[in-house]
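As a plain string of letters, each chain reads:
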Amino acid sequence: MDGAYLEIRDLVKSYDGKTRALDRVSLSARRGEFVTFLGPSGSGKTTTLMVIAGFEAPDAGLVRVAGQSMAGVPPHKRGIGVVFQNYALFPHRTALQNVMFPLLMRKVPRAQAARKAAEMLDLVGLADFGNRHPRQLSGGQQQRVALARALVFDPTLLLLDEPLGALDKNLREQMQLEIKRIQRALHVTTVFVTHDQSEAMALSDRIVVFEGGRIQQDATPLEIYNRPRTEFVARFVGDSNLLRARITDPGAGIAEVEGLGPSRVLPQQAQVLPNGQGTLLLRPEALAPAEADAPNRLVLAVEEVVHFGDSALLIGRAGGVTLRARIGGRAAQGIGAGAQVPLGWRPDAAHLIGA
Amino acid sequence: MIALGWLVAMFVAAPLLVVIPISFSDAVSLEFPPPSWGLRYYQAYFADPRWTQPTINSLIIATAVAALTMVLVTPAAFALVRHRFGGKGAVNLLLMLPMVVPHIVIAIGYYAFLSDIGLLQSFPGVILAHTALSVPVAFLVLTASLKGFDRTLERAALSLGAAPWQAFLHVTVPVLWPGFAAAALFAFVQSFDETVVAIFVSGATTETLPRRMFDSIRMQADPVIAVVSTLLFGVVALLALAAMLRRRAGG
Ligand SMILES: Nc1ncnc2c1ncn2[C@@H]1O[C@H](COP(=O)(O)OP(=O)(O)O)[C@@H](O)[C@H]1O
Ligand SMILES: [Mg+2]
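Model, not experiment: these values are computed from the prediction. (Residues numbered from 1 in each chain as written. Chains lettered and ligands numbered in written order. Predicted model: local features only at pLDDT ≥ 70, side-chain atom pairs only at ≥ 80, totals over all residues. Heavy atoms only, no water.)

A.B. asks: Please clarify how the pattern of salt bridges should be interpreted in this entry.
C.D. replies: Two side chains with opposite charge may pair up if their charged atoms get near one another. Residues and elements named next belong to chain A. Counting across every chain of the model gives 27 salt bridges over all chains. Of the charged contacts, one joins Arg-9 and Glu-7 as a salt bridge, the two residues approaching to 2.7 Å between their closest N and O atoms. The exposure class of Arg-9 is partly exposed, given its relative accessible area of 36%. With a relative accessible area of 10%, Glu-7 lands in the buried category. (Salt bridge = Lys/Arg side-chain N within 4 Å of Asp/Glu carboxyl O. Buried < 20%, exposed > 50% of the residue type's maximum accessible area, 1.4 Å probe, protein only.)

Below, the structure written as structure tokens:
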């Protein structure tokens, strides 16, 4: 684990003694890295976070931060900043007093704590709101205070559990940028939990996809998007066409694809597919209006068109399967339900997933 | 519906509408409506140690009851809200029992029990008996506010470097403060206006205000009683109002 700053190995955790909320979860993060836990509700993201923070004890496995085992270290001695989903601001204290709290707990003299807390409020853009109580702040502002409070004591790690879930879309996107900016400025190793794949894509250096207490994939956002390891990941991250595929000629890279017939795929992918069986992932944007040189072609019988302005989603059928294609907004002009649209895709725009 | 509501409100308030005017009467005996107005009953009340002493007794007892109740109820409420343990249902039921047992039964029980241990007619005796009556109400109030308490606040405090006792002191207690105050208030009021048990277990030197009123009306229908009623109502209403204002200010 070269350079691993946060190291988690083989975490197992069961709340009821029967089902495993965490089933051998292992991952690591380098110093300053922004890692996102992505997964559906109940997949074990929060549990992992709570084990890192020390609020839940794992049944097995270890957590190491900066080379030190956290076993037996109580939460208040871990020095880990946590931003909770509901912010958990102290309602009886002002924003400034909230941010001062961790400093006072560390016996920083009051005047110095106030100064440092004010600086941190300034960094999150709330310099003028120090005297307000949490209930006098908007959701986004409360979020910033919670962030300032979790960062003011120079935590070894910053953990955020679905911090933007309660905010509306515009504010959420604004806060994503803000969090990223602050995280970069302070270079703090961060674990961010979300079930929103676009949020994960936008923020992360690395995404760890959870499902059913297990890690499905741990990779960069682009890797997760372009080369998902499992169908689950392919479905969970981004829009997808998933078609059964059987390799008929590994050397030439020919596969028999459900609905599309014999198709050209990348030989290096075809050759490593176990049993020659698998699933072909075609992202909707991989299906482009057919060009003369497209090795794979099909005609989509359009049933529905969803316009987004810059692009449009065509939903239709080809060879008995339903396909989704995302094409440029201009190219989509004049296409309506009932149209027959020739489309093509290139082998390197597709991805084969082992069955 | 609205008319009915007013009717009920009037019915509830009627005794006050009688008692408060009478307290400002200038008549020699209890009379309604008062023939003329004055403060003679108030003068009589404040000048007469047979009234002021029971008032002081009641204040002492109610304060002690509030304190003792909180000492008992706080750990009980935390244990019952936050932990699972065997016999939890039974403990809950026992705590609420004084609420359903008729006061006269409790009064007789305490009469026998306190005389056995030699505390009959003593301050500790009255305080103990009243505390038993105050526990259920205070427990209910505190439990309700404890259930509404967001425990992630404590987790947040821990993650920020507070030891568990610091989290309790700096976060749990201040946030739950209105709940504690309301519980103590209910305990205080419960004791301050309790009559039946006081009649049985308080004595000449520990006589409470409601008991003094009861004795007084039995013997002579002293009009000062209207003053005491008004004051009693005033204290309780003021406390209730304070609690309400606090809640509103607290958001
Ligand atoms: N305090 C708890 N007690 C019992 N079961 C829990 C508790 N917290 C979580 N679980 C269970 O553990 C699993 C993982 O939950 P969680 O870590 O909260 O998932 P996520 O944060 O990904 O939604 C779920 O099945 C959930 O029901
Ligand atoms: Mg969660």
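Alright, that's what it looks like, and here's the rest.
A.B. asks: Looking at this structure, I do not really get the site of ligand 1. What am I missing?
C.D. replies: All names here are of chain A. Neighbouring ligand 1 are Tyr-15, Ala-21, Pro-40, Ser-41, Gly-42, Ser-43, Gly-44, Lys-45, Thr-46 and Thr-47. Lys-45 places a side-chain nitrogen or oxygen 2.8 Å from an oxygen atom of ligand 1. In this structure, an oxygen atom belonging to ligand 1 sits 2.6 Å away from a side-chain N or O atom of Thr-46. Contact with the protein chains removes 56% of the 560 Å² of surface that ligand 1 exposes when unbound. (Near = heavy atom within 4 Å. Polar contact = N/O pair within 3.5 Å; in protein donor to acceptor, adjacent residues only side chain to side chain. Areas by Shrake-Rupley, 256 points an atom, 1.4 Å probe, with all protein chains shown as cover.)

A.B. asks: Can you help me understand the sheet that holds strand E2 (residues 22-30) of chain A in this one?
C.D. replies: The strands that make up a sheet are held in pairs by hydrogen bonds between backbone atoms, and each pair lies either parallel or antiparallel. The strand order E2-E1-E4-E5 (chain A) describes an open sheet built from 4 strands, whose pairing is antiparallel. This sheet does not close on itself; its edge strands, each paired only once, are E2 and strand E5 (68-69) of chain A. (Pairing = 2+ DSSP bridges. Helix = DSSP H or I, 4+ residues; strand = E, 2+ residues; numbered from the N terminus.)

A.B. asks: Would you explain the side chain of Lys-13 of chain A in this entry?
C.D. replies: With respect to the element layout, Lys-13 of chain A can be found in strand E1 (residues 4-13). Setting aside anything within four residues of it in sequence, one finds Lys-13 of chain A in contact with Arg-20, Ala-21, Leu-22, Thr-47, Glu-56, Ala-57, Pro-58 and Asp-59 of chain A. (Contact = heavy atoms within 4.5 Å.)

A.B. asks: Please explain the interface of chain B and chain A as it appears in this structure.
C.D. replies: Quoted interface sizes are often the accessible area lost when the parts come together. On the side of chain A, 23 residues touch chain B, which itself brings 20 residues to the contact. For the pair chain B and chain A, the summed buried area comes to about 1,800 Å², and 66% of that belongs to carbon and sulfur atoms. Broken down residue by residue, the surface that chain B buries against chain A is led by Arg-155, Ser-159 and Leu-160 of chain B, which jointly contribute 38%. Summed over the shared surface of chain B and chain A, the number is 1 salt bridge. Arg-155 of chain B is paired through a salt bridge with Glu-56 of chain A; the nearest N and O atoms lie 3.6 Å apart. Our enumeration of links across chain B and chain A arrives at 4 residue pairs in polar contact (both at pLDDT 80 or more). Going through the elements one at a time, helix H7 (152-159), helix H8 (164-192) and helix H11 (224-250) of chain B are the ones with two or more residues in the side of chain B that touches chain A. Considering each element in turn, the side of chain B that touches chain A owes the most residues, 7 residues, to H7 of chain B. Looking at the side of chain B that touches chain A residue by residue, the classes come out as 12 nonpolar, 6 polar and 2 charged. (Buried area = accessible area lost by both parts, 1.4 Å probe. Nonpolar A, V, L, I, M, F, W, Y, C, P; charged D, E, K, R; others polar.)

A.B. asks: Whenever I open this one, the domain arrangement of chain B confuses me. Can you help?
C.D. replies: Residues and elements named next belong to chain B. Taken domain by domain, chain B consists of domain 1 (1-29 + 223-251) and domain 2 (46-210). One C-alpha centre belongs to domain 1, the other to domain 2; they are set 25 Å apart. Contacts between the two partners involve 11 residues from domain 1, matched on the other side by 9 residues from domain 2. Across the domain 1/domain 2 interface, buried area totals approximately 900 Å², and carbon plus sulfur atoms make up 89% of it. Looking only at domain 1, the three residues that lose the most surface to domain 2 are Leu-232, Leu-239 and Arg-246, adding up to 46% of its buried area. Remark: the boundary between domain 1 and domain 2 carries 0 salt bridges. The interface formed by domain 1 and domain 2 holds 0 residue pairs in polar contact (both at pLDDT 80 or more) in total. Class assignment of the residues belonging to the side of domain 1 that touches domain 2 gives a composition of 10 nonpolar, no polar and 1 charged. (Domains from an automatic or database assignment.)

A.B. asks: Even after reading the chapter, I still don't get the sheet that holds strand E12 (residues 254-257) of chain A, so can you show me in this structure?
C.D. replies: Residue and element names in this part refer to chain A. What the 5 strands build is an open sheet, ordered E13-E12-E11-E14-E20; its pairing is antiparallel. Of all strands in the sheet, those bounded by a partner on one side alone are strand E13 (261-264) and strand E20 (350-354). Taking each pair of neighbouring strands and ignoring which way they run, the sheet shows an average axis angle of 40°. Judged from the 4 bridges that link them, E12 and E13 form a sheet pairing that is antiparallel. By the bridge assignment for E13, Ala-255 is matched with Ser-263. (Axes fitted to C-alpha atoms, helices over the stretch in contact; angles between N-to-C directions.)

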